[in-house]
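Commentary on secondary and tertiary structure
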Amino acid sequence: FRRRERRGWVYAALIFLGIACYVLLTLIQESPAKRLHLTEYGFLSYLTFRALRVDTGYRSAYLWGWVVAAGRGALDEGIQACLPNRAGQLADVGLNALSCGLGMVAVMLVASRE
């Protein structure tokens, strides 16, 4: 991640994104595992972006990276709904998709287009 131009709005957007993540972390009071969703699925969207960027353009990699990572989060919750000792929740699907979106926004702000 090396971005050549240094624009002030990129840094402002990263600060805003950090504040949004902090607010989400403070609002999630259920368990520490739920708080990990933010980091876990944000990083998953980054890895998916990196994998897709090899064969597609940046715009497609951003979109499909989010779709694949959010779909993986929905699949995870679907599997949990089928297990007797776990509970898949629709709110967790939304949290996973939001986490993937925040991670992808961070990638968009930081990634270079080389």
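Because the structure is predicted, anything quoted here is derived from the model rather than measured.

**Some thoughts on the packing of aromatic side chains**
- As enumerated under the stated definition, the model contains 4 aromatic pairs in all.
- On the numbers, 5.8 Å between centres and 35 degrees between planes, the contact of F43 with Y46 is tilted. Residue F43 and its partner Y46 are both found in helix α2 (residues 32-53); the two are separated by 3 residues, about one turn of the helix.
- Its relative accessible area of 47% is what places F43 among the partly exposed residues.
- A ring pair is formed by F49 and Y58, whose centres lie 5.9 Å apart and whose planes are at 50 degrees; its orientation type is tilted. Here the two residues F49 and Y58 agree in accessibility, since each one is buried.

What counts and how
Residues numbered from 1 in each chain as written. Predicted model: local features only at pLDDT ≥ 70, side-chain atom pairs only at ≥ 80, totals over all residues. Heavy atoms only, no water. Phe/Tyr/Trp six-rings, centres within 6.5 Å; stacked < 30°, edge-to-face > 60°. Helix = DSSP H or I, 4+ residues; strand = E, 2+ residues; numbered from the N terminus. Buried < 20%, exposed > 50% of the residue type's maximum accessible area, 1.4 Å probe, protein only.

Take it as geometry only, folks, not as evidence of what the structure does.
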